[in-house]
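# Coordinate inspection notes
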Amino acid sequence: MTPNTRAMRPELADARQQGFHNIGEAADLSGVSAKMIRHYESIGLIPEAGRTFAGYRIYSDADVHRFRFIKRARALGFSIKQIEALLGLWSNRSRASAEVKKLAQEHADALSLKIHEMQAMQQTLQRLASLCHGDHRPECPILEDLAMPSPGESTKAERVQVPSKKV
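Just so you know, these numbers come straight off a predicted model, no measurement behind them. (Residues numbered from 1 in each chain as written. Predicted model: local features only at pLDDT ≥ 70, side-chain atom pairs only at ≥ 80, totals over all residues. Heavy atoms only, no water.)

## Let's talk about the packing of helix α6 (residues 80-91) against helix α7 (residues 97-131)
Two elements in contact, α6 and α7, have axes whose closest approach is 10 Å; the angle formed by their N-to-C orientations is 160°. Classified by the angle between their axes, α6 and α7 sit roughly antiparallel to one another. By crossing handedness, the relation of α6 to α7 is classed as left-handed. Contact with α6, carried on its side by Gln82, Ala85, Leu86 and Leu89, involves Glu99, Val100, Leu103 and His107 of α7 and no other residues of that element. Of the residues assigned to the contact of α6 with α7, the class counts are 5 nonpolar, 2 polar and 1 charged. (Axes fitted to C-alpha atoms, helices over the stretch in contact; angles between N-to-C directions. Helix = DSSP H or I, 4+ residues; strand = E, 2+ residues; numbered from the N terminus. Parallel < 35°, antiparallel > 145°, perpendicular 65-115°, else oblique. Left-handed = near helix turned anticlockwise from the far one by under 90°. Contact = heavy atoms within 4.5 Å. Nonpolar A, V, L, I, M, F, W, Y, C, P; charged D, E, K, R; others polar.)

Here it is in structure tokens:
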């Protein structure tokens, strides 16, 4: 082993003196679990961690900040792909803020649509629940509704076209 190898891969105590954190500390500081940090590394969302001489992952304060960024983006419902784009924009100081706004607005629009769809589901379920007696009777409007084809969906019998007999 050369002296340069040891400098590139410090002992954990030396790394801590230099301001680095092991994965547990980075997880505690960022609020992102060690398991998720390893996952983000495995999918390439974050760069491969530095390692100590013994092979332990070490992270800088900048890495911890990046983990917090990811956590906040996940809390806002951004996908991993979107977060990857946001991280790229965040690290690019020559970016135009219009790009960031466009990504955020597209996500907000998608959330709005999803909220609308979920409100429609909730209203349907509330209507069906109000129609159900919820007693000893076997008849149940909820189950009857679930057994019906969705609006705009044809039944299998309607989709299968039986050839007519030639006379």
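## Let's talk about the nonpolar core
Inside soluble globular proteins, nonpolar side chains tend to come together where they are buried. In this structure, Ile37, Tyr59, Phe67, Ile70 and Ile83 are the most contacted members of the largest nonpolar core, which totals 21 residues. Sorting the residues of this core by element identifies α3 (23-30), α4 (34-42), α5 (61-75) and α6 as the ones contributing at least two each. Among residues more than four places away in sequence, those in contact with Ile37 are Ile23, Ala26, Ala27, Val32, Ile46, Tyr59 and Phe67. (Core = buried A, V, L, I, M, F, W, Y, C linked by side-chain atoms within 4.5 Å. Buried < 20%, exposed > 50% of the residue type's maximum accessible area, 1.4 Å probe, protein only.)

## Observations concerning the packing of aromatic side chains
Summed over all chains, the structure comprises 2 aromatic pairs. Centre to centre, the rings of Tyr59 and Phe67 are 5.3 Å apart; their planes meet at 75°, and the pair counts as edge-to-face. Comparing Tyr59 with Phe67, the two get one shared label, buried. On the numbers, 4.3 Å between centres and 15° between planes, the contact of Phe69 with Trp90 is stacked. Highlighted residues: Phe69 in helix α5 and Trp90 in helix α6, separated in sequence by 21 residues. (Phe/Tyr/Trp six-rings, centres within 6.5 Å; stacked < 30°, edge-to-face > 60°.)

## Some words on the confidence of the model for the protein chain
Caution is warranted with low-pLDDT regions, since their predicted coordinates should not be read in detail. Mean pLDDT over the protein chain: 87, with 87% of residues reaching 70 or higher. In this model, residues 1-7 is a region of pLDDT below 50 whose contacts with residues beyond four sequence positions or in other chains number 4 contacts. (pLDDT = per-residue confidence, 0-100.)

## Quick look at α4
Where α4 is concerned, the buried positions are Ala34, Ile37, Tyr40 and Glu41. What you see down the axis of α4 is that its buried residues fit within an arc of 120°, all on one side. With respect to the buried face of α4, the exposed residues turned more than 90 degrees away are Lys35 and Ser42. Check the buried side of α4 and you find it contacts α3, β2 (50-51), β3 (57-59), α5 and α6. (Arc of directions from axis to C-beta.)

## Some thoughts on the side chain of Arg57
Considering the arrangement of structural elements, one finds Arg57 in strand β3. Ignoring any residue separated from it by four or fewer positions in sequence, one finds Arg57 in contact with His21, Asn22, Ile23, Arg38, Glu41, Ala49, Gly50 and Arg51.

## Regarding the sheet that holds strand β1 (residues 21-22)
Spatially, 3 strands are ordered β1-β3-β2 in an open sheet, and the strand pairing comes out antiparallel. Looking along the sheet, the strands with just one partner apiece sit at the ends: β1 and β2. Here β2 pairs with β3 via 2 bridges, running antiparallel. Of the residues in β3, the one forming a bridge with Arg51 is Arg57. Across the sheet, α5 touches β1 and β3, and the angle it forms with β3 is around 85°. (Pairing = 2+ DSSP bridges.)

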